[in-house]
Structure formats: structure tokens, C-alpha cells
Amino acid sequence: MEERAEAAPSPPPAEHKREQEDEDEALHVAKRRKVLCSEFAAITSSDEAVARRFLASCDWHMERALNAYFDPPGDTEAAAGGSAPACADTGTCIDLTADATTSTAGVNGEDSQQKEDDSNFSLITWNIDGLDLGNVKDRARGICTYLALYSPDVVFLQEVIPPHLPLLQMKAGNYTIIPGNIDEYFTAIMLKKSRVKLLKHDIIPFPTTAMKRNLLVVHVSISGIELCLMTSHLESTKDHSKERIKQLQIVLNEMQKEPESTTVIFGGDTNLRDSEVTKLGNLPDNIKDAWEFLGKPQHCRYTWDTQSNTNLNAAYKCKMRFDRIYFRPAVEGGHFIPRSMDLIGLEKLECGRFPSDHWGILCNFDVIL
């Protein structure tokens, strides 16, 4: 006759609770690591196995892992049994830390000298559409390519997302990067260290925004001339027109607060319709729209064009001048006068998409000392 096996005693309630908490914590860690692997793979154009190896070796610290991947010590890769990033041989990863004369973007020495000329100042403003996670790694690489190609003195970016920051910090080592936030999505200003000296910066809140928008203000010195730079991403969509107009008024007020001896340049994704500027009473007499100042050149009028730019796959066709540059000239002292304006990001990447659903604006200024 077989003996019946005795049932295992049930664990005490407190112990059972601890076990459940341990399981929940393990599940949370596993989910978080999976997200980190996905983000790492997206930024580096690698796969999750490579991501897991680098992250695990860096105690799951994203920035250290990215540093190890992009800038490995001489023997690290061989010792780890891995291979260098594919982009290292193909040249598709542009190293923004390199000078323009040696950059793989192919900027020649003459162009580089022109960009460093004290009589010229260049600025790019671009909504890089970080909220669209489709082909985010390819599009981020495309943005870097353009920044390396034009090597602007200042860059205004909108719709930056957290994974962009460590990438920009590593690949744009010759720029000082000032973010307008560090969560979800935000703006950022990049200053070329060899040309632009950071003095101070501030973030002006928009009190009634429903989209976490603000105004990023940076004071700099260029060739001994003080300059105030501002960027923002004003409230989006037609339904938020009233809030957008309120935000524009805050921007104009902040521009007017600066000393008359300081040139003020604002640029960003304003989402503005011309009728909204009219409703506000148009721009103050001493604040100019750079595009209008240059004679309204039609080749760079529309910065958001769903007919030419297919990233959104929009069924509707719409052309808008959402991205704008405003400037308030200094009354005396050094002057920054717009000389030319062009759109950038007009070419599709190898993935079949554009770097962003917005075109970027490249604006060149004459500097009169």
C-alpha cells in the first residue's frame, strides 16, 4: 500500500508577500532593461543582442554604454569578441566632433574658413520630429549629417527626445548643448565652442500650455558682441490658436525686455498662421521676420509641406510656414543682419524617409562689428 505524500506547508503570509514583491520587482527590471535595449539599438543602429551586451557591461547605464559603443578603447571590441559598429567602416555615422576640414561630410577648407569668419554668422533651426519613432535611428543620423555638413555657429532644435541628448553630446563634442527640459520632448540650443561663448541661460515657462511648451533663452558672446538667442515650440494644431497667440506675445515681450544694445534672435517651430500674427497686431516695428526681411524668397517659404514631404503619409495636402526666425537688431554696437535663407533636409535618407516632417532653415547673417 503506497503512502500518501504530504502536501508542502504553505509559506507564511508575510513571506508570500515578499516573494510576490520580489517577482514584481524582477518583472519591472526586466521590462525596463528591454526598453533600454530597444532605445540603445535604435540610437546605434545595432540589434538587441549587441545592446544587451554593452548595457550589461556598463551596469545598465545608458550614457556609459553609448560611450563604450561609439568610442571604444583600442582593444575593447576585440577583447569582447565583437565587431566595431557597422557605421565605422561605411562612413554613414558622421562624427560631429571633427573639424569641418576633416569631417567625413566632405566640407572643404575654404568653406570651413568662411564659417569661422568673424563677418559671418550661421544658424539652423529645425523641428527634428523626435516624437515619430519610425526610423528614429536613421533620421537622427541624418540630422547629424546636416549639422556636420553646414557646421553652423548656432543650432535651435525642437522636438528633441531624451535618447537624442547622449548621442548629440558624444557626436557634437565641439558644441555646448543647452536643453529646455530633459523629459518627454523639448527644445535645445547648440553653440559652437570655437565661436560662441555661453554667458547665461534661462527657461521662461508658458503658464497655460497644455503641451509642456516653454521659451529657452541663451545669452552668448560672439567676437565680443553680446547676443540673445531664443527658441521655442509654440502650441500645436489649429484648435490651440488662442494659446499659441498668448505664447507668441510672451516671446515678443521677452525679446523687447533685452537691452537695446543687444541683438535678439528667436527661431523655432511657431506653428503660426499669418492670420494669428495679424490678430496680435503684427510684429512690433523693431522686430523683423527674417524671411520677410529677405524679400519673401519663395524657395524657402514653406517649412511644413505634406505634398513634398511624405513622412506623415498624410491624405491631405498642406503647406505652412510654421518655422520662423525673428530678430530685433541692436540700436548700436555690433549688428547681425540676415543675408540668406535656405531649407535643408530636402533629401530622402536611405531608409526612404526624410530626416523630419519639417524642413530645417539655414540662415546666414552678416556681422557688422
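Residues numbered from 1 in each chain as written. Predicted model: local features only at pLDDT ≥ 70, side-chain atom pairs only at ≥ 80, totals over all residues. Heavy atoms only, no water.

Enquirer: Hey, could you go over the overall build of the protein for me, with residue numbers and the actual values?
Expert: Each helix and strand counted, the protein has 11 helices and 14 strands in total. Considering the protein as a whole, with its 369 residues, one finds that 48% of them fall into the buried category. For the protein, restricting intrachain contacts to residue pairs at least 6 apart in sequence, the fraction spanning at least 24 positions comes to 68%. (Helix = DSSP H or I, 4+ residues; strand = E, 2+ residues; numbered from the N terminus. Buried < 20%, exposed > 50% of the residue type's maximum accessible area, 1.4 Å probe, protein only. Contact = heavy atoms within 4.5 Å.)

Enquirer: Got a sec to walk through the packing of aromatic side chains? Specific residues and values, please.
Expert: The final tally for this structure, using the stated rule, is 8 aromatic pairs. One aromatic cluster in this structure is built from Phe-121, Phe-336 and Phe-365. (Phe/Tyr/Trp six-rings, centres within 6.5 Å; stacked < 30°, edge-to-face > 60°.)

Enquirer: Give me the pattern of salt bridges: which residues, what numbers.
Expert: Tallying each qualifying case throughout the model produces 13 salt bridges. A salt bridge links Arg-195 to Asp-118; its shortest N-O distance comes to 3.8 Å. Residue Arg-195 is located in the loop between strand E4 (186-192) and strand E5 (196-205), and its partner Asp-118 is located in the loop between helix H6 (109-115) and strand E1 (120-127); the two are separated by 77 residues in the primary sequence. Assessed through its relative accessible area of 38%, Asp-118 is described here as partly exposed. We note a salt bridge from Arg-321 to Asp-289, for which the minimum N-O separation is 3.0 Å. Of this pair, Arg-321 sits in the loop between strand E11 (319-320) and strand E12 (323-328) while Asp-289 is found in strand E9 (residues 288-289), placing the two residues 32 residues apart along the sequence. Looking at Arg-321, the relative accessible area reads 8%, which means it is buried. (Salt bridge = Lys/Arg side-chain N within 4 Å of Asp/Glu carboxyl O.)

Enquirer: Describe the sheet that holds strand E8 (residues 263-269), naming the residues involved and giving the relevant values.
Expert: Here 6 strands make up an open sheet; going across it, the order is E5-E6-E7-E8-E12-E9 and the pairing mixed. Because the sheet does not close on itself, it has two edges, and the strands there are E5 and E9. When E8 meets E12, the two strands line up antiparallel, connected through 6 bridges. Across the sheet, the residue bridging to Gly-268 is Arg-324, located in E12. (Pairing = 2+ DSSP bridges.)

Enquirer: A description of the nonpolar core should follow, citing residues and the corresponding values.
Expert: Grouped together as the largest cluster of nonpolar side chains are 30 residues, with contacts concentrated most on Phe-121, Val-154, Leu-191 and Ile-265. When near neighbours in sequence (up to four residues on either side) are disregarded, Val-154 contacts Phe-121, Ser-122, Leu-123, Ile-124, Ile-189, Met-190, Leu-191, Val-196 and Leu-229. Of all hydrophobic cores here, the second largest spans 19 residues; its members include Val-155, Leu-165, Ala-172 and Ala-188. (Core = buried A, V, L, I, M, F, W, Y, C linked by side-chain atoms within 4.5 Å.)

Enquirer: Go over the side chain of His-233, please, and point to the residues and values.
Expert: Tracing the chain through its elements places His-233 in strand E7 (residues 225-233). Overall, the relative accessible area of 3% leaves His-233 in the buried class. Once you skip the residues sitting within four places of it in the chain, His-233 turns out to touch Asn-127, Gln-158, Glu-159, Tyr-185, Thr-187, Arg-213, Asn-214, Asp-269 and Asn-271.

Enquirer: Can you explain the environment of Asp-153? Please cite residues and give values.
Expert: In this fold, Asp-153 is placed in the loop between helix H7 (136-150) and strand E2 (154-160). A sequence separation of 30 residues divides Asp-153 from Leu-123, and the C-alpha atoms of the two residues are 6.0 Å apart. Side-chain polar atoms of Asp-153 contact the side chain of Arg-195, separated by 3.1 Å. (Polar contact = N/O pair within 3.5 Å; in protein donor to acceptor, adjacent residues only side chain to side chain.)

Enquirer: Account for the side chain of Arg-244, naming residues and giving values.
Expert: Among the structural elements, Arg-244 can be located in helix H9 (residues 241-257). The exposure class of Arg-244 is buried, given its relative accessible area of 0%. Arg-244 has contacts with Leu-234, Glu-235, Ser-236, Thr-237, Lys-238, Thr-270, Asn-271, Leu-272, Arg-273 and Glu-276, leaving out every residue within four places of it along the chain.

Enquirer: Residues and numbers for the sheet that holds E4, please.
Expert: Spatially, E3-E4-E2-E1-E14-E13 is the arrangement adopted by the 6 strands of the open sheet, whose pairing is mixed. The two strands at the open ends of the sheet, each matched to only one other strand, are strand E3 (175-179) and strand E13 (335-344). Taking each pair of neighbouring strands and ignoring which way they run, the sheet shows an average axis angle of 20 degrees. Against the sheet, H7 engages E1, E2, E4, E13 and strand E14 (360-368), with an angle of about 170 degrees to E1. (Axes fitted to C-alpha atoms, helices over the stretch in contact; angles between N-to-C directions.)

Enquirer: An account of unusual backbone geometry is needed here, citing residue identities and associated values.
Expert: The phi angle at Glu-184 is positive, at roughly 60 degrees, despite the residue not being glycine. Residue classification places Glu-184 among the partly exposed positions, given a relative accessible area of 48%.

Enquirer: Quick one: what's the story with helix H8 (residues 164-171), residue by residue and with numbers?
Expert: Most of H8 sits inside the fold, with 7 of its 8 residues counted as buried. Those residues of H8 lying buried are His-164, Leu-165, Pro-166, Leu-167, Leu-168, Met-170 and Lys-171.

Enquirer: Residue-level account of the environment of Arg-353, with values.
Expert: Within the element layout of this structure, Arg-353 appears in the loop between E13 and E14. When the C-alpha atoms of Arg-353 and Thr-310 are compared, they prove to be 7.4 Å apart, with 43 residues separating the residues in sequence. One polar contact links the side chain of Arg-353 to the main-chain carbonyl oxygen of Gly-134, over a distance of 2.9 Å.

Enquirer: Now, about helix H2 (residues 48-57): what can you tell me, with residues and values included?
Expert: Residues Val-50, Ala-51, Phe-54 and Leu-55 constitute the buried set of H2. Along the long axis of H2, the arc covered by the buried residues comes to 120 degrees, so they all point the same way. In H2, the exposed positions that point more than 90 degrees away from the buried face belong to Ala-49 and Ser-57. Where H2 begins, the capping side chain belongs to Asp-47, and its oxygen is found 3.1 Å from the backbone nitrogen of Ala-49. (Arc of directions from axis to C-beta.)

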